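Okay, here's what each chain looks like letter by letter:
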Amino acid sequence: MVGLPYDCLANPLGAVRSTFDKAMSSDSSTAALDGKDWGASEVFRQFLFDDGGLSQVPLLNSSTMKWVQPNTLVRFRGMIQDMLGNEFYVGAYKDGDKWITNKFADASHDPSNASSDMRIWERQLLYCTPVPGQNSWVECTPDAMRNPYISAISPLREKRQREDEAIKSDVDMVEPGYAIEDSPNLKKMRENGVAFEPFNLQKVVTEGSASNSSTPHVERDSVSCLVKIYDSPESDLKLNEVFEFVGIFTFDPDLTIPIDDKEVMDDFCEDELLCLPPSKVPRLHCVVHRKLGASDLVSSPHLELTTPVIKEIREALIGHLTAILGHDRLAAEYILLHLLSRVHARVDEVAVGKLSLNLTCFNKENMSVLGNNLKLVIGSLMPFTECLPLTVDYLNSVTLTPKKDYITNRLVSGLLQLAEGSHLTIDETPLQSGTLNSGGLENAQVLRSMMESQKVHYDFTYYKMEMPADVQFLILSEGKSNILPADLVLPFHPSSVDSASGVDGEMLKAWRWYLATMKSLPHSIDPPLQKAVEDDLVAARQEDRSLSREDFSRWLTMGRLMSVSFGATSLSMEHWQMVKELERLRKIRFQGNL
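Everything in this summary refers to the structure shown in the same document. Just so you know, these numbers come straight off a predicted model, no measurement behind them. (Residues numbered from 1 in each chain as written. Predicted model: local features only at pLDDT ≥ 70, side-chain atom pairs only at ≥ 80, totals over all residues. Heavy atoms only, no water.)

Quick word on the packing of aromatic side chains
Applying the stated rule across the entire model yields 10 aromatic pairs. Taken together, a centroid distance of 6.1 Å and an interplanar angle of 50 degrees make the contact between Trp38 and Trp121 tilted. Pair noted here: Trp38 is in the loop between helix H2 (29–33) and helix H3 (40–50) and Trp121 is in strand E3 (residues 118–129), with a separation of 83 residues, a long-range link. Considered together, Trp38 and Trp121 belong to a single accessibility category, that of buried residues. (Phe/Tyr/Trp six-rings, centres within 6.5 Å; stacked < 30°, edge-to-face > 60°. Helix = DSSP H or I, 4+ residues; strand = E, 2+ residues; numbered from the N terminus. Buried < 20%, exposed > 50% of the residue type's maximum accessible area, 1.4 Å probe, protein only.)

Section: the sheet that holds strand E15 (residues 422–427)
In spatial order, the strands read E12-E15-E18-E11-E19; together these 5 strands make up an open sheet with parallel pairing. Every other strand in the sheet has two partners, leaving strand E12 (385–389) and strand E19 (488–491) as the edge strands with one partner each. Each neighbouring strand pair of the sheet contributes to a mean axis angle of 20 degrees, computed without reference to strand direction. Bridge count for strand E11 (residues 357–360) against E19 is 4 bridges, and the pairing is parallel. In the strand pairing of E19, Leu359 is matched with Leu490. The strands that helix H12 (residues 438–453) touches are E12, E15 and strand E18 (471–476); relative to E18, the one it contacts most, it runs at about 120 degrees. (Pairing = 2+ DSSP bridges. Axes fitted to C-alpha atoms, helices over the stretch in contact; angles between N-to-C directions. Contact = heavy atoms within 4.5 Å.)

Here's the deal with the environment of Glu574
Position of Glu574 relative to the elements: it lies in helix H16 (residues 573–593). Overall, Glu574 belongs to the exposed group, its relative accessible area being 56%. Once the C-alpha coordinates of Glu574 and Met562 are considered, the two residues, 12 residues apart in sequence, prove to be 9.8 Å apart.

Description of the pairing of E12
Across the 5 residues of E12, 4 count as buried, placing the element largely inside the fold. Relative to E15, E12 runs parallel, the two sharing 5 bridges. Looking at E15, one finds that Cys387 is bridged to Thr425.

Observations concerning the environment of Leu297
By the element assignment, Leu297 lies in the loop between strand E8 (283–291) and helix H8 (307–324). Discounting chain neighbours no more than four positions away, the residues touching Leu297 are Arg77, Trp137, Val138, Leu292, Pro383 and Phe384.

See below:
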């Protein structure tokens with residue numbers, strides 16, 4: 001196969017313009033002048049996926065920003081924090097007898113030099129931020145952080161840069177300790193030469209875990225990005241979704257409008273974000289994007305993934321959680337089901353699949369060790385985690401819900417603007433008696449509503465809009481929470497208070513993979529077992545008239561989670577009996593606490 005006449009990594013605009021020129025000389029010229037994809041996207045897909053070029057594309061963050069080259073191909077991973085509408089721009093113009101395209105590129109605000117023979121096209125604008133609460137271990141491999149431009153820039157790219165300087169300016173129009181014993185599989189990994197690196201739970205957090213953050217975890221030196229989307233339906237991208245964007249990084253000082261030039265700003269920029277210098281908010285002209293799920297953020301273990309192996313991984317994780325929780329295995333079992341929960345359907349106002357958990361009997365003594373260890377281990381297992389310390393002062397002052405700022409035309413983030421699959425730990429142990437003001441009462445109601453319905457009300461001043469969420473709630477408290485009545489309440493009974501021990505790095509990767517993969521499994525109940533479950537529910541209601549529809553729904557959710565925790569896609573009688581036994585032990589524990 002003959003090599004491409006351009007470098008997609010170092011000179012992506014060369015690929016864009018070459019394919020445009022080819023389209024203009026063929027029967028596709030009419031479609032090309034309408035702004036429709038003329039084959040450029042296919043060229044990038046071939047380079048990235050068919051030819052393995054994706055691994056060569058650097059990840060855009062605070063570290064790589066120091067050396068990443070303008071007009072080169074980069075990757076950006078982040079959450080869609082705000083959708084800024086559409087932007088009209090000069091997509092193509094005629095220079096003499098030749099048509100030139102500006103697709104996937106910025107252009108200067110200079111109407112005096114604009115060509116009279118031009119085509120106005122449209123693109124979407126997204127403001128994307130690092131995912132709130134993203135833990136440090138989620139970062140890409142070292143290959144994504146290396147500088148591919150250490151060597152001299154290719155002569156082809158230099159030629160392209162000289163040509164770029166000659167392009168005329170165009171007009172933009174903006175529309176507003178537990179040491180795990182060796183198992184056969186662990187031994188096999190060692191025999192195959194897999195390196196085992198001891199994992200220190202405390203180290204993960206101190207190096208960047210978000211577990212102790214009380215506001216959306218976006219580091220001060222992190223990079224947010226203005227992403228420009230082409231040839232993609234608006235329905236493909238939704239607020240708060242996590243994406244990986246691959247696109248052309250641009251830097252054009254001429255786009256920066258002086259802040260003190262207010263008249264110019266008022267004329268050109270309804271959104272002040274678009275007038276910030278690209279060095280503050282870099283632009284990314286997206287050529288390919290893909291939604292990221294939990295399984296995309298973890299690496300697969302070096303194991304033969306059979307049912308016995310999954311069961312072994314489960315038992316090892318339960319053992320570790322048991323040790324972290326002061327040898328309370330019942331609490332460990334409930335924590336595992338909680339971590340596997342997700343909203344997989346919505347029926348009327350009910351979010352089906354959620355399983356919020358309230359662990360009670362925490363006090364200052366065991367919270368400082370066991371509670372903190374639990375938060376740390378959750379941060380080491382789940383990609384996105386936040387921790388909220390619940391106090392009267394905090395509720396009275398914090399901003400939980402996103403709010404529209406009509407002066408800047410921006411959606412101002414709140415703590416509860418979280419990505420799908422995020423985990424939120426709420427620590428009620430510091431809560432003292434006090435008086436909630438109107439803001440505190442509203443915040444308490446917002447938290448409760450989000451936990452129960454998995455919806456967040458975004459404040460647009462004149463109205464409020466419900467946005468769906470999928471966030472796991474874990475409440476740690478001394479007594480049963482009155483502010484946040486969880487789906488499950490379990491008295492915490494540790495038998496010891498020990499600090500957490502190190503965990504094998506490969507085992508930790510296996511646990512992350514296990515949680516992400518099992519969580520996404522489909523699930524069903526076969527008709528014969530469905531009849532047996534219904535009979536059990538009827539018998540339970542006859543024995544205890546206080547049982548409600550919500551209790552039965554919770555049991556079915558637990559049955560599903562118990563099955564997927566063993567890698568099963570349908571409920572078995574064995575797993576159903578395990579759920580009934582957990583609930584029986586929980587009831588006994590409650591009676592012992594009375």
